[in-house]
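What follows is each chain in one-letter form.
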Amino acid sequence: FVLSLLEHSYGSAAFNALVQQAVSVPMLRASQLRLLVRTAAGKQSIAAAAVQPPCPLPNTPPLAGGQQAPHGFAEQQHAASTGSTRHVNVAALRRAEIPWWFLYGCSFNSVMLISGDLIDFLFASSWGLTPLAAAGLANTALAAAGICSLQVLPGVLQMPDRASEQMAFNAKVQGRFIGIVLGFVVGLWPLFWPEEWRMWKAGAAATKAAIKAPPTAEELGVQKVCQEKFPTAMTGPEIDATIHSVLRARGWTSQNTILAHATCPDEVNYDSDTDLMNMMAKRWQKRFTLGGLGGMAFSGRTGWAAFGAHTPEKSGHILVLYGPHTGIGNDGTVGKVRREGQSHDSTCCGAAVAAFKATSVPSNDDWISDMQEIALTKLIQPLKPKIAADPEPMKALAYANFDVSHQLTRDLVTSPEKVCSEIAVVGGIMVNLPGNLEDQFVPLTFELMDCNTGEIIDYFDRFGRTRSCFAIGSTEPREAFFKQQASQIKAKLEGS
């Protein structure tokens, strides 16, 4: 420990000379140690320091055969007889390291958090940064500056020799570890800074994520029912990743693509970050709402025309998500769901269930008061006998709703070649689950059409699932979504 202090005091060159002399001297008196210290400082010669013969410490037992005790043995005996003063010095050395490394850890972490938030606020939108990227840039700059500053500060990174001074080496490592960990923890204080005290508004990096509790045993039971009733269902992130993988390979980006969706406005379809519609909207950014109750494209041809006019002009692409939704209640019943903040299950989709159970359809001017529900009731009426005859009518209702939504959206898409170079559609059934369970999506359609040639590509196999190819109560397979549009495009090409 003393030698390590000498190194810091007189420099490595003088210290090396001192060590070479000390290696040949098993034990030194205090007067001899003082001579060696002055020698290291250049005040006396090493020869003068070695004139006096070494003298062992008291109570140093000789070894058998009259051999000299090995270097270090006498020190161990002396430390034991004098109350282990060496350990006290090691503890002091450990404590001496803590404050400086605490200061470094605290300043590094706090400045990194503040800088990351500031970078996110200033450059996220112009540079297209994610919160993670903003934090990474701040960490890169500060880590480089911090390491360079440590190199410049005298003696900060110096360590005793690990082989000859293991106790001092370990003490300094422990002190630095304790200090920097405590500093990092205290340096998290910007996370608890009151919103009203901020100097700039909060960006995405400072937006808190929703706290999700683990699913209960009852909710896990609902998840099992979902797997049994809808075995081909997938999570929103899985569907989104598959769609993006296919379209990205064809050159689709958020800059040249516009998203439209015909999905029910029920809040359960949009109350989680992992819900399919939220994920797709975040990825493609621009979106247009075609849909209404039951997932029907009630915006009509006017909505389609308006949407088509918004398509990016140069090699623009259109992506359409459509389909109804259903739910599974806490008791395992299809067609219900336990909504947040409620103690009982409620119908899901409520509009579809009401349309199925309706005994009459309003006429004359009554439609104006509830136009979407009345239209949904009329659309479902022809399928009511087939739904009622199914062993699981609420599950059959979901598939019947899909068939109606599928046909309505097909009829809506007219002359896509006038507004885009490629168009893709993804259709299916959303299955809402209670609590913090991820909602599911049963994929039934994934097609793409080249609007320049009329070529249709069916990408459904990319989901890795089997699908129901037949409409409810029918033995005829569903036609390709773009069959009519592709025929028209090819007819124009042949005519020209």
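Preceding this paragraph is the structure being described.
Residues numbered from 1 in each chain as written. Predicted model: local features only at pLDDT ≥ 70, side-chain atom pairs only at ≥ 80, totals over all residues. Heavy atoms only, no water.

J.: Where do I start with a nonpolar patch on the surface in this structure?
T.: On the surface, a cluster of nonpolar side chains totalling about 510 Å² of accessible area is made up of Phe177, Ile178, Val181, Leu182, Val185 and Val186. Mapping valine 185 onto the fold places it in helix 8 (residues 166–186). (Patch = residues over 30% accessible without salt bridge, like charges linked within 9 Å, V, L, I, M, F, W, Y side chains within 5 Å. Areas by Shrake-Rupley, 256 points an atom, 1.4 Å probe, with all protein chains shown as cover. Salt bridge = Lys/Arg side-chain N within 4 Å of Asp/Glu carboxyl O. Helix = DSSP H or I, 4+ residues; strand = E, 2+ residues; numbered from the N terminus.)

J.: What exactly am I supposed to notice about empty space enclosed by the protein here?
T.: Regions of empty space are outlined by a rolling probe, equal in size to a water molecule, passed over the atoms. Applying the stated criterion across every chain yields a total of two cavities of 30 Å³ or more. Of the volumes computed, that of the largest cavity is approximately 80 Å³. Forming the boundary of the largest cavity are Thr235, Gly236, Val268, Asn269, Thr274, Asp275, Leu276, Met430, Asn432, Asp439, Gln440 and Phe441. Among the secondary structure elements, those contributing two or more residues to the lining of the largest cavity are strand 8 (422–432) and strand 9 (440–450). Tallied by class, residues from the lining of the largest cavity come to four nonpolar, six polar and two charged. Looking at the second largest cavity, the residues that line it are His325, Thr326, Gly335, Cys348, Cys349, Ala352, Val353, Met394, Leu397, Ala398 and Asn401. Listed by contribution, the elements that provide at least two residues to the lining of the second largest cavity are strand 5 (325–327), helix 13 (350–357) and helix 16 (393–412). The leading source of residues in the lining of the second largest cavity is helix 16, at four residues. Per-class residue counts for the lining of the second largest cavity are seven nonpolar, four polar and no charged. (1 Å grid on protein atoms, 1.4 Å probe; cavity = no way out; pocket = protein on both sides within 12 Å on 5 of 7 lines; lining within 4 Å. Points joined across faces, edges and corners; volume = space filled by probe spheres on them. Nonpolar A, V, L, I, M, F, W, Y, C, P; charged D, E, K, R; others polar.)

J.: Where do I start with the nonpolar core in this structure?
T.: Buried together is how nonpolar side chains tend to be arranged in soluble globular proteins. Counting 56 residues, the largest nonpolar core has Leu290, Ile328, Ile387 and Ile423 as the members making the most contacts within it. The element best represented in this core is helix 16, accounting for nine residues. Residues Val246, Leu276, Leu448 and Phe463 belong to the second largest nonpolar core, which totals 23 residues. (Core = buried A, V, L, I, M, F, W, Y, C linked by side-chain atoms within 4.5 Å. Buried < 20%, exposed > 50% of the residue type's maximum accessible area, 1.4 Å probe, protein only.)

J.: Sorry if this is basic, but what is going on with the packing of helix 13 against helix 14 (residues 371–380) here?
T.: For any two helices packed against each other, one specifies the crossing angle of their axes together with the interaxial distance. The interhelical angle for the contact between helix 13 and helix 14, taken along N-to-C directions, is 55°, at an axis separation of 9 Å. The orientation of helix 13 relative to helix 14 falls into the category oblique. Viewed along their axes, helix 13 and helix 14 form a crossing whose handedness is right-handed. Facing Ala351, Ala352, Ala354, Ala355 and Phe356 of helix 13, the residues of helix 14 in contact are Glu373, Leu376, Thr377 and Ile380. Across the contact of helix 13 with helix 14, the residue classes tally to seven nonpolar, one polar and one charged. (Axes fitted to C-alpha atoms, helices over the stretch in contact; angles between N-to-C directions. Parallel < 35°, antiparallel > 145°, perpendicular 65-115°, else oblique. Left-handed = near helix turned anticlockwise from the far one by under 90°. Contact = heavy atoms within 4.5 Å.)

J.: In this structure, what is going on with helix 16? I would like to understand it.
T.: Turn by turn, an α-helix covers 3.6 residues, leaving residues three or four places apart pointing in a common direction. End to end, helix 16 covers 28 Å across 20 residues, agreeing with the expected 28 Å (1.5 Å per residue, within 8%). Counting buried residues in helix 16 gives 16 out of 20 residues, a clear majority hidden from the surface. (Expected span 1.5 Å × (residues − 1).)

J.: Just checking my understanding: could you explain unusual backbone geometry for this structure?
T.: Among all residues except glycine, the phi angle is most often negative; among peptide bonds, the trans geometry is most common. The linkage connecting cysteine 348 with the following residue, cysteine 349, adopts the cis geometry, with an omega of 5°. Here cysteine 349 is to be found in the loop between strand 7 (345–347) and helix 13. Its identity as a non-glycine residue notwithstanding, glutamine 285 has a phi of 70°, on the positive side. The class for glutamine 285 is exposed, based on a relative accessible area of 55%. One non-glycine residue, serine 415, lies in the positive phi region at around 50°.

J.: Would you mind showing me how to read the pairing of strand 4 (residues 317–322) here?
T.: For a regular strand, side-chain orientation follows a simple rule: the groups alternate between the two sheet faces. Burial analysis of strand 4 places six of its six residues in the buried class, the great majority of the element. Of the two faces of strand 4, the one carrying His317, Leu319 and Leu321 and the one carrying Ile318, Val320 and Tyr322 are both buried. As paired elements, strand 2 (residues 257–262) and strand 4 share six bridges and run parallel to each other. From the neighbouring strand, alanine 262 faces strand 4, where its bridge partner is tyrosine 322. Alignment of strand 4 against strand 8, held across six bridges, turns out to be parallel. (Pairing = 2+ DSSP bridges.)

J.: Is there a simple way to explain the pairing of strand 9 in this structure?
T.: Strand 9 sits mainly inside the fold: 11 of its 11 residues count as buried. By the bridge criterion, 10 bridges tie strand 8 to strand 9 in an arrangement that is antiparallel. Its bridge partner being in strand 9, valine 426 is matched across the sheet by phenylalanine 446. Count of turn residues in the strand 9/strand 10 (residues 456–458) antiparallel hairpin: five residues, of which glycine 454 carries a positive phi of about 80°.

J.: When you look at the packing of helix 13 against helix 16 in this model, what are you seeing that I'm missing?
T.: Relative orientation of the contacting elements helix 13 and helix 16 amounts to 100°, with a least axis distance of 11 Å. Classed by the angle they form, the pair helix 13 and helix 16 counts as roughly perpendicular. Contacts between helix 13 and helix 16 involve Ala352, Val353 and Phe356 from the first element and Met394, Leu397 and Asn401 from the second. When its residues are assigned to classes, the contact of helix 13 with helix 16 shows five nonpolar, one polar and no charged.

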